[in-house]
Structure formats: C-alpha cells, structure tokens
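Per-entry structural report
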Amino acid sequence: MSVPLTAPSTATAVTSSEGPLKVPPFKHPLDPLTPEEIAAISHSVRRYVAEKTDVKAVRFITSSLLPPPKKTVLAYLGIPLLSGEKPEPATEIVRKADVDFIDAVAGAAYNSIVSLHGQDWIVDTVDKLPEGVQPQISVQELLLCEEIIRADQRVIKLAAEVGVKPEQLHADGWAIGYDGRFPENKRIQQALMFARWGRHENLYAHPLDFVPVVDSIAKKVIHIDFPPCTKQKGEPSLSEGSAAAVDNTSSTTKPPSLEEDAFKAANRKRIPPPQESHDFLPDLLAQKEGFKFRNDVKPLHVVQPEGVSFKMDGHVLEWQKWKMHIAFHHREGIALSTITYDDDGTVRPIFYRLSLSEMVVPYAAPEHPHPRKHAFDVGEYGMGTMANELSLGCDCLGQIHYLPGSYVAHDGSAVVVKNVICIHEEDAGLLWKHTDFRVGGRAQAVRSRRLVIQQICTLANYEYIFNYMFYQDGNIEVEIRLTGILQVYVQGKDEPNSPFGTTLAPGINAHYHQHIFSIRVDPMVDGLHNSVVETDILPLPGAPLGSDANYHGNAFIAKSTPVARASDGARDFDYATDRRWSIVNPKRLHPASKRTAGYSIMGKGAGAPLMALDGSIVAKRAPFAQRSLWVVKDVEGPRGGRMWPSGRHVPQTRDTPVDALPNWASGDGSLIEQDLLVYITMGITHIPRPEDWPVMPVEHLRLVFRPTNFFTANPSMDVPGANDSKSCAAFPETSDATTGTAACCEH
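Quick look at the structure, then. Please read these numbers as outputs of a predicted model, since none were measured by experiment. In this numbering scheme, every chain counts its residues from 1 along its sequence in written order. The model is predicted, so local features are restricted to residues of pLDDT at least 70 and side-chain atom pairs to those at 80 or more, both for listing and for counting; the totals for chains, interfaces and linings are taken over all residues. Each side-chain value is derived from all of the structure's non-hydrogen atoms; neither hydrogens nor water enter the calculation.

Considering the pairing of strand β34 (residues 696-708)
Each regular strand displays side chains that alternate between the two surfaces of the sheet. Across 8 bridges, the pairing between strand β22 (residues 476-484) and β34 is antiparallel. Each residue of the ladder has a partner; that of isoleucine 480, found in β34, is leucine 701. Only strands that DSSP links by at least two bridges are regarded as paired with each other. Only DSSP runs of H or I covering at least 4 residues are called helices, and only runs of E covering at least 2 are called strands; the numbering of each starts at the N terminus. Alignment of strand β31 (residues 596-602) against β34, held across 5 bridges, turns out to be antiparallel. Directly across from isoleucine 601, in β34, lies its bridge partner phenylalanine 705.

What follows is the structure, encoded as structure tokens:
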C-alpha cells in the first residue's frame, strides 16, 4: 500500500484488519465507527460484492455510522420527549453503517447498509445508484489527480512551453462543478495547475494558464481548457451594457465545444507563471533578503493549576451544567448531539444535533472555465476527511483533550487522524458586571468561561477553523474562521486588472468569491416537538407621530408570527425590521413573561446573499444559499433523517436534487409542534486584498443561539466572581494597580 496516496499529511496513520470484529460494544449509540469497525465493515462488503455481484474491484469512498432513530437514542440515554416527564422505555439498538463505494473498473456507484450482529458485520443491502449520481470525492482521488496530470504528455508539453519542468508540476484536484459537455457517468475532476520551484515552496505563487480535466476511473486527462485573458474594452464589446470596464479575449463566456480548439477559442498567447516566490514557512522566509521576525512578542501562557473543569467519558462531555456527545464525521467534521442543560436538577434538552451540513464557494469570474469553480467543501469532499491532526501549543492552547477520527480509504482500511478534535476552556472576558455608582456603593464582576470544541480543515489552498463554544449563561456559539491561501490564477504582464478579482502581486490574480455555509440544527428545545417563531420589530402600527397612542413617535413593538406551513419554511432576513427567529416549545411558558421557552438565533451579522443569479447553475446546485433560514419537518427513514441541503450525493449534480431543501419546504404540512430541522445560512463575500497574500489573516463568522424565556432568570448568577490572584500590574514600578479588591470582586 502506498501510504502517501492513502493518507494525506493531515492524517496520522492507516489501520487495516481482516476477519471478525474484536472490540468492546459501543458505549453510546452515536459513537462514530472505530478504525477497527471500518476495516471489518469493508471486509464484509468486499466479500459480499465478490460473492453476489459482477463488480470486479471495489473502491471504497465513505463508511460511517447510520444513526439509530432519535426516539430510540433518547430512550436509551434517559432523555424525555418533554422536559420534566419520564423518558420512554429503552429498546434494543442495532449498530449500522452506511457505505458508498465505486466499481473501480466500470465506474458505477453503489450504496450499502451493513448491520452489526454479535461480532459480525452483515450486509443488509447493496443498491446501485442511478447513472450520473456520484459519491463524495475521496482524498486519494484528489491526490491521484496530480499523478494523472504529471504522466500526461500534453500537460508536460504545455508546461514546458512556459518554462515549467515535469517535476515542478502540481495540481489541486477540484470537483468539476458543472460542465454539461461531459457525460454524466464519467467521474471527473478539474486540475487547477501550479508550478513549484522547491519542495516546500509556496506553489500558489506560480499559477499556470491551463486547466486539465481528468477521469478518475480511467486515470487519464480527457480534455484541457484555456481561460481567456482580460483586455481593454473595444468595439464590439463583450461586456456592452454591463458595468465591466474591460473585456476578455474570447468572444463569449460560453464554453467552447469539445470539438473546438480550446486554446484558439481563448484567443490569447501563452502566459508563463510568475517567477517570484511568496513563501510562508519560517525557514524559507528567513532566507528572504531584508526579512526578520518580530522580537518583541513576550510569552503568554494559558495555565490551569487545578486542571480542567470538564469531564469526558468516551465521546460524552460534561462541563458546568452542559452535557453532550461529540463525534467525528467524515462529511460534517464535528457533529454535536444530545445537547442538554442541567437546570437546577432538571435535565433540559436543547439540540439533538448541531453541525455544518453544507457549504459552497462560488467564484465571480464569468469566463470559461472559471464558473466551474464553486466548490461544495462538505458534500463534494467531506470536511472531516480534510481535517488536520492538531498540534498542542500551536493549534490549541492550554490544557487540551483530544478526540480521534477515522474514515475509509479506497482499499477499505481506515485512515486515522489522531488529534482531530480539540476540547479546552478559555477565558471569554466579562460575563456580567454592575457597579452601584452611589457613595459607598459596591460592585460585582463575574468573568466568563467558555468551553471550545475545535476542528481545523484544509481544503487544498484554504483552511477553515470551526469552533463550537458553550457559555455559562446558556449561550451556544458557532464560530467559523477562514484562513489559508487564496485561490489564484495567472495574470499576463500587460493584462489589465480584472473587474472580477484583485491583483495581489505581479502576475497573480485572486477572483472575487463567496463562502456560504449551511448550519444544520436539529432542535429539541425542552422536547422533540418545537415551532419556529419569526419576530419583526416595528414602530407601533396605526399610531403615527402626534397621535394619542404615540404622541412622541417613539413606540415600537415586537411582532411574532409562527412559521406555520411547510411552504412558508424558506425565510429571509429583513434588516429594516431587525428580524430574528426563535426555536420554541409551545408547551413550556415562562412563569413571568408568559412567553414560550426557546432559543433565539442571533446571526444577522453573518448573512451574505448569494450573488449568482436565479436560475444559474450555482443557485440550482446550492439552493440553501438563496435564503437566510429554512424550517422543515424531519422525516426519518431506513437511511436516517433529512440531512443534506444540496442532496446526499453532490459531485456533478446538474440541477437541484430531489432530496434537497426546496423540495422539503413545500406543501401544506404543519410546522407547529413538530420534529423540526432548521438550516441557517451564513457567509462572507470575499473581495481579496493584497494584505490577504501570501497567507490570509483569519476572517470571522459568528452565529449565536441565545436562551429566550428559557430560564427563570440569568442562569449564570451562581458563577463565582472574578478574583484572579495571578493578575498583576504590567509596570509595577509606575502603577498602583491592585488585584482582587473587595469593591469589584467580592463573592
């Protein structure tokens, strides 16, 4: 087995096994498959395929836990369907796995369900997927893409024409996105090309001017595209009537036919890659003339002399009054389940599952083949399979607990990422404070502690940092940080700057793009049957300035309307009314406010409208990105509940799949007191800056879930006051600062 092609640098090891499973039974029904289970499942599927099908060679793509039904899990864990009531009686749980694989010879795709009986994994079903339906693209296929282009003589010749040697060729394999010129049944990628002058040099500093298309099954280049260049606007103009100040060298942004000469259609000369290096590794930076590292950064340590405040039992975490299950998933990355809060002895469920369900990164340049760049980093590649092994003291600071993750390799072995999820505590500033300003008045200050569950994923050039954070006041925050290296394309020496991108450095252009995420919330606020309420803040209706009801014109109200029908489930932000939504349990009322207990969704600062036009291929393939929030009813079946907003199988889709959000948000079905799903769209429109080069400082996106009428009062009143004896004056010889005075820290 070739380890480099089985496990990327983000992984730790590879585990293979033959024969029966010999590990203890699961501790929790939502525990992810272990490496040993993945290998044993692969063994069972391969044996079944050999004995009962015509498939000659299996290429495993995904292998993951098929979760049991919600009510079965809640009964097993003793969580009631309504807070304060008795849980349902527990029933037997059969551990199951969901496997996608490909016929490595013919290219057809299959799905299999496998069940654990005793210590044997038994294949229940093997179903051939419809023609053109493609499972997730594997890490090995992405690595294979680079091998394919390096072996292709046309690619080698094209590279040589611009001064690049075969050993300097590199490619980022991307899903093809959409290209109707190719048959649906081919499993294809596009190879975004770069040169590299040294082993660890920044290859993105040297983009190439052509884009091969590879067949992952045949392992060959099947076509090569040439993007046109930007040129000064002329007569006739391709961009006539538009705001674009320049044209491109092609007569159209429509793709040329496969029979046409692609280079001739681009109507330009070859463009050599930029020669200058733009490095980020410290040893290479140190070689740059005039460069030096800052020398005035003093150490800053995170120290917990008495240890951490959380407890772990396998994948189950308890911290303060929170309890939850933490799992690695090859597609979602981190999956948090059965999130509950101990409210003075009453276990109150909040979310059944919280995770990233999809994202899309559409680029703005309209000239072919750039519109193919709209990556679905969850559905096409899998955020979990792209996750890093995290480093203590670098990725995670303080006292850290790690959880491992694993996913299947082509040969059925398990790729293990040892420290794929890190868990730690952080100081989060002040939680609350008040000072009685009167003479002799007292003050109280309480500092906030938060629990952070973190994962970092590398998607070729980009890095995404996912932080799920829990607070002592009942808040839950999802924070996404974006960093890494911009996706760039070569710019000719005398080529005008593109209206669809930014020239970062000579010869290097970064196209405008968006990162749009879909956060999936499976709520169980005080129980499994919830509603979603939309609230608009309005000036008092029918009461104009000077009226008896609103003489001074200052009155405003909060108007709340339940999202009642399935066809009303797709919602939009309205900034004029400061719109917000709450997930509520109508059966639970606050004793004073008389309003329903719930959790409000606070995320308007993270909204980003999809720039692609209605009817565009991006809008069809990523329908979730067209609306701010979706409310749908969950429907559980033999393969679990509704999960993926752009469909289960995303690569090479050509329209909105049947199993996607718009088809769930239709009809007259009730959304009141139902088992609901809420999909929240958040994103950023990235207009690159030179300051984003060569590596981008982090951008932040934040989404907060805030208890509203859920607790009787501030649930953090029992948090001890701030009194850190280790704090001291920065300059004691010139300061009279004191620590822990009774006036502000008494508790």
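Past the structure itself, the notes keep going.
Things to note about the nonpolar core
In terms of nonpolar packing, the biggest core is built from 92 residues, with Leu354, Ile453, Phe470 and Phe705 touching the most fellow members. If one sorts the elements of this core by residue count, strand β16 (residues 346-362) sits on top with 6 residues. Among residues more than four places away in sequence, those in contact with phenylalanine 705 are Phe351, Leu354, Gly474, Asn475, Ile476, Val478, Val521, Tyr599, Ser600, Ile601 and Ile680. Counting residues in hydrophobic clusters, the runner-up holds 22 residues, among them Cys145, Val162, Leu208 and Phe226. Among the buried residues, those of types Ala, Val, Leu, Ile, Met, Phe, Trp, Tyr and Cys that are joined through side-chain atoms within 4.5 Å form a nonpolar core. Only protein chains enter the area calculation, which uses a 1.4 Å probe; residues under 20% of their type maximum are buried, those over 50% are exposed, and those in between are partly exposed. Note on contacts: a residue pair is in contact if any heavy atoms of the two residues lie within 4.5 Å.

Some points on the packing of aromatic side chains
Paired rings are identified among Phe, Tyr and Trp, the last through its six-membered ring, by centres lying within 6.5 Å, and are further divided according to the angle between planes into stacked (under 30 degrees), edge-to-face (over 60) and tilted (the rest). Applying the stated criterion across every chain yields a total of 21 aromatic pairs. Consider the rings of phenylalanine 194 and tyrosine 204, whose centres lie 4.9 Å apart with planes at 75°: the pair is edge-to-face. Note that phenylalanine 194 is positioned in strand β7 (residues 188-195) and tyrosine 204 in the loop between β7 and β8 (211-215), a separation of 10 residues in sequence. Of the two residues, phenylalanine 194 and tyrosine 204, both sit in the buried class. Between the aromatic rings of phenylalanine 351 and phenylalanine 705, the centroid separation amounts to 5.1 Å while the plane-to-plane angle is 80°, which identifies the pairing as edge-to-face. Residue phenylalanine 351 is located in strand β16, and its partner phenylalanine 705 is located in strand β34; the two are separated by 354 residues in the primary sequence. Across the pair, phenylalanine 705 and phenylalanine 351 agree in class, each one buried. Taken together, the aromatic side chains of Trp322, Tyr341, Phe351, Phe470, Tyr599, Phe705, Phe710 and Phe711 make up a single cluster linked through ring pairs. We call a charge positioned above a ring when the Lys NZ or Arg CZ atom is no farther than 6 Å from the ring centre and deviates by at most 35 degrees from the ring normal. We note arginine 348 situated over the ring of phenylalanine 710; from NZ or CZ to the ring centre the distance is 3.7 Å.

What about empty space enclosed by the protein?
In this analysis, the protein atoms alone were mapped onto a 1 Å grid. Cavities are point sets where a 1.4 Å probe fits without being able to get out; pockets are open sets with protein on both sides within 12 Å along at least five of seven lines; lining residues have an atom within 4 Å of a point. Grid points are joined across faces, edges and corners, and a volume is the space filled by probe spheres set on the points. In the structure shown here, the tally under the stated rule is 6 cavities of 30 Å³ or more. In this structure, the largest cavity occupies an estimated 120 Å³ of space. Every residue lining the largest cavity is counted, 14 residues in all, and those nearest its centre are Leu192, Val211, Gln487, Val488 and Tyr489. Looking at the lining of the largest cavity, the element that brings in the most residues is β7, giving 4 residues.

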